[in-house]
Amino acid sequence: MKPLIVHHTPDPYADTHSPDTHQDTFSKTVLGFWMYLMTDCILFAALFTTYAVLHNNTFGGPSSRELFSLSTSFTETMILLFSSVTCGLGMLSALRNDKNRVVAWFSVAFLLGASFVAIELNEFTHLVHEGNSWRRSAFLSSFFTLVGTHGLHVSIGLLWMFVMMIQVYLLGVTAITFRRLAVFSMFWHFLDLVWIFIFTFVYLMGVI
Amino acid sequence: MFGRLNLDAFKHESSQNIAVIGMVLGGIAIIGILFYLKRWKWLWNEWLTTVDPKRIGVMYIIVALLMFFKGFADALMMRLQQALSVGDAHGFISPGHFQEVFSAHGTTMIFFAGMGIVFGLLNLIVPLQIGARDVAYPFLNALGFWLFASGAVLGLVSLAIGKFSTAGWLAYPPLSGIEYSPDEGVDYWIWLVQIAGVGSTISGINFLVTILKMRCPGMTLMKMPIFVWSALCAMVLVIFAFPILTATLYMLALDRYLGMHFFTAGFGGNPMMYINLIWAWGHPEVYILILPAFGIFSEVVPTFSEKRLFGYVSMVWALIIITILSFIVWLHHFFTMGASPNVNAFFGVMTMLIAIPTGVKIFNWLFTKFQGHVHFTSPMLWFFAFVLNFSVGGMTGILLSSPPVDYQVHNSLFLIAHFHGMVIGGFLFGFFSGFTYWFPKITGFFLSENLNRYAFWCWFTGFLLAFMPLYMLGFMGATRRLDHYEASTGWHPLFLTVGLGAAIILCGVCIQIYGLFMSIKDRKNNLDLTGDPWNGRTLEWSIPSPPPIYNFAITPTVDQLDPLWAIKRGLAPKPEKDYEDIHLPKNTPMGLCIGMLSLIFGFAMTWYIIWLAIISFTAIIVCLIIRLSGEDEHDVITAAQVKEMEAARLRSQTT
Amino acid sequence: MSDDLSLKEIQKEWHGTMKAYVIGFVVSILLTAASFFLVITRVLSGRALVFTIIGLALVQAIVQLLFFLHVGQEAKPRWETVVFYFMVMVLLIIAIGSLWIMIDLNAHD
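These figures come from a predicted structure and were not determined experimentally. (Residues numbered from 1 in each chain as written. Chains lettered and ligands numbered in written order. Predicted model: local features only at pLDDT ≥ 70, side-chain atom pairs only at ≥ 80, totals over all residues.)

**Here's the deal with the overall build of chain C**
Along its length, chain C carries 4 helices and 0 strands. Ordered by position in the sequence, the α and β elements of chain C form the string α-α-α-α. For chain C, the C-alpha radius of gyration of 20 Å lies well beyond 13 Å, the compact-globule estimate for 109 residues. Each principal axis of the C-alpha atoms in chain C carries an extent, and together these give about 65 × 35 × 15 Å. Burial statistics for chain C: of 109 residues in total, 30% are counted as buried. (Helix = DSSP H or I, 4+ residues; strand = E, 2+ residues; numbered from the N terminus. Rg over C-alpha atoms; globule rule 2.2 N^0.38 Å. Buried ≥ 20, exposed ≤ 12 C-beta atoms within 10 Å, placed from the backbone.)

Set out below in structure tokens:
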């Protein structure tokens, strides 16, 4: 066989250990879910940008100044924030393997989250009954979609939270349920993060 | 009960009826063969429920090739129509049908042939090249495939039932809105792209985490093969670009289904926002296709030059810079749509900049060959064709990146010639090269090299004949997507030439199909017994062909680039000699199940069969909850079993 | 997997503490209240108001990223952080780029 032309010299500083010390399921799951959250950020960015472009296109209909209630959005903000924190407290209970406390804290978070969705649905229903549905103008389409998509994420989160509470109740805090709780809490905190931008750019800026 | 679906949906023009009957007969034939050979259980256990990336990769390639043939058939119909439809003659396809054909052609080729090949190759090669036994998320990997397949099947269904979109492969509004396209065509398009797009996003996350976290000991990032680097960069693009597509199609669907006004012509809608967003995805998408092709050449060229890749570090940086720049050029797809000179100029300059790292890569491949011992195998022939065709296409891209020039040729056949130079000359030739190179590794036997060469020459000459005249036609003012033109234009001879080129490509494709079947038939005489037929440099050549289910009996340890060449010269760290128990994830039918439910959901939404849509969507949620609530299940191959499998392999090699 | 981590080990990987949640919670409430207060009372107006509430939102986002989502606290190599910065870069490109383009197009009707 013809000799190879290139000469190889081993790298004297080469580290022949595993390039990543955290190849376990927990680390992989957390990183992968984080990446999914990053894709969700881009999705929301597209919806936010579209709202920014279309929010003045009221087509003769009402604008944000006429429609948005600061008291409602303040209430929603506080509820979601409390829900995010109680979820965190639930995680701290999971650290102590206290399955009953976990279910208790997550139940509170669930009720708060459900209240958030209820208030938001109420707000939407009110707008529709007044004749200001998503069909009225590009502004309303983009408002309902941006805020509604966040609300849809919260609703899916509620379903997930419910399933998790059952799992923890039945199986206790195990390596597997802790991993799933951790990933869920990332999702739930992320939704509160997105809401910061909604109440700022949609509601607060909407009434200025 | 059936929404908008009625018997009219089954009536088509005769050319389409032929295609549908052919498709149905083909499906029946396959089912018949499976019954005859009594292979249902085998199909279920080995393929439909698998979570093994080696199997999933093969399935991706099979579906991608089937969709490629469909897209190619669309192309042949367009070429034939344009060769015939001049002056008083009107070809054989109605204008409406022609619009469906060009829309289906682009959609099929990009989303199914293109993305299928990318994910197929990544599944097959990335774990092997990083010394891993599996990907990061085996179930999600399978799910990604079945969502992809579901989108493809929905595309095939659209051929048989109802009409497809007539709004092009990107469905620009207002044409794609409910007012101007009220029928099912655009809905089909939205759902098949969305379903496949979710699959792509999931697979993107899977492969990025795999590359970041599952490399074998010693393989730092700067010791990975360039193919893996190209996969890493492509997956970064997938993760950050596909959500834009998802959001944009979501908004288009809301316009169509709920009467919203994102992109409508009235009520304050802004169709340009769609075009802006869709290309913010669309430009990274074309780099998702081309970067793995670049990666393939970075594997093929050094191996067949018997020389290390020139400029490894600059290759990595070129990939990274291309990745970042590909996010800042998207407006060049719509220079002519009203932006001011400053905006056009910025994006024009950014576009020109991408040529620089691309050029670096081409020169590095050429420098790799310099003073190497070059083998003119068919993978190398594809490389040479790539250098010529991709460079020419790339240079026309530089022309197009200048807004004043683009104003002359935007949406003309010049543009068509440019991007086909990129996708055929770049992406497809790269795939053919890699397919031939890695075929023995995956299957354990060789393709016929002679037939490969005949096919290559048909493709090469066919491509030149089919696309070079399009540059001329574009300059002369021929618009894209024309189903008819006047004889006085003088374009007819050129369209005939182009048609001839397509026919020659068809010969090439037929030779490839024939060659594939003959190789499979003849495989016992063409076995790859060593696992390393090309004197390879990277880890996939250090294991048998085809690889055992666990890939590596002992996880390799590396300390430099081209680790296999190092091993062959006795310059590598000795791997551990003890076998250990190997855990592999269990098969599951859930991926197939969710895929099929998605297909039903997409079909139901297209035809407004609301009850079916609700049921299938709920079922998907239920399946996901069941799957994601289960235990992490694994099969175990004990150390003793591994030892026995390795010993058996050695015995069969020496006999 | 035989070499996978136990519950105790993964609990060590997770970075939440009571202190972090309390700080994050209190600061978030204060920042939110401040934003609403400024808009309701119109203490500031026009550009000043807009930039202030955007600033408050960004600060609160950073607080929540650090104290609730534990960004930057993961083990090396900090892939989550790298991917986060990359996302921010792409997000800014898409948002600012799109706004630039669309405002430009609207101005030229």
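The rest of the description comes next.
**Topic: the nonpolar core**
With 284 residues, the main nonpolar core has Ala-64, Leu-208, Ala-231 and Ile-244 of chain B as its most contacted residues. Split by domain, the residues of this core number at least three in each of domain 1 (1-73) and domain 2 (75-109) of chain C. For Ala-64 of chain B, the contacting residues outside a window of four places in its chain are Phe-112, Ala-113, Gly-116, Ile-117 and Gly-120 of chain B. (Core = buried A, V, L, I, M, F, W, Y, C linked by C-beta atoms within 7 Å. Domains from an automatic or database assignment. Contact = placed C-beta atoms within 7 Å.)

**A few points about the interface of chain A and chain B**
Interface extent is often summarised as the accessible area lost during association of the parts. Between chain A and chain B, the residue contacts involve 44 residues of the former and 51 residues of the latter. Looking at the side of chain A that touches chain B, the elements that each hand over two or more residues are helix H1 (25-54) and helix H5 (138-171) of chain A. Counted by class, the side of chain A that touches chain B contains 22 nonpolar, 16 polar and 6 charged residues. (Nonpolar A, V, L, I, M, F, W, Y, C, P; charged D, E, K, R; others polar.)

**A look at helix H3 (residues 46-67) of chain C**
With 22 residues, H3 of chain C should cover 32 Å at 1.5 Å per step; its first-to-last C-alpha distance of 32 Å lies within 8% of that length. Residues Ile-53, Leu-56, Ala-57, Gln-60, Val-63, Gln-64 and Phe-67 of chain C constitute the buried set of H3 of chain C. All buried residues of H3 of chain C project into a common sector of 125° when viewed along the axis, lining one side. Turned more than 90 degrees from where H3 of chain C packs its buried face, Arg-47, Ala-48, Phe-51 and Ile-62 of chain C sit exposed. Packing partners of the buried residues in H3 of chain C comprise helix H6 (175-207) of chain A together with helix H2 (18-41) of chain C. (Expected span 1.5 Å × (residues − 1). Arc of directions from axis to C-beta.)

**Considering the confidence of the model for chain C**
Detailed reading of the predicted model is not advised wherever pLDDT is low. The predicted model of chain C has a mean per-residue pLDDT of 92, with 96% of residues at 70 or higher. Element-level pLDDT for chain C is lowest in helix H1 (residues 7-13) of chain C, with a mean of 88, against a maximum mean of 96 in H3 of chain C. (pLDDT = per-residue confidence, 0-100.)

**Things to note about the interface of chain C and chain A**
Taken together, the contact between chain C and chain A spans 45 residues of the former and 46 residues of the latter. Taken together, the elements giving at least two residues each to the side of chain C that touches chain A come down to H1, H2, H3 and helix H4 (79-108) of chain C. The biggest single contributor to the side of chain C that touches chain A is H4 of chain C, with 12 residues. For the side of chain C that touches chain A, a count of residues per class yields 33 nonpolar, 9 polar and 3 charged.

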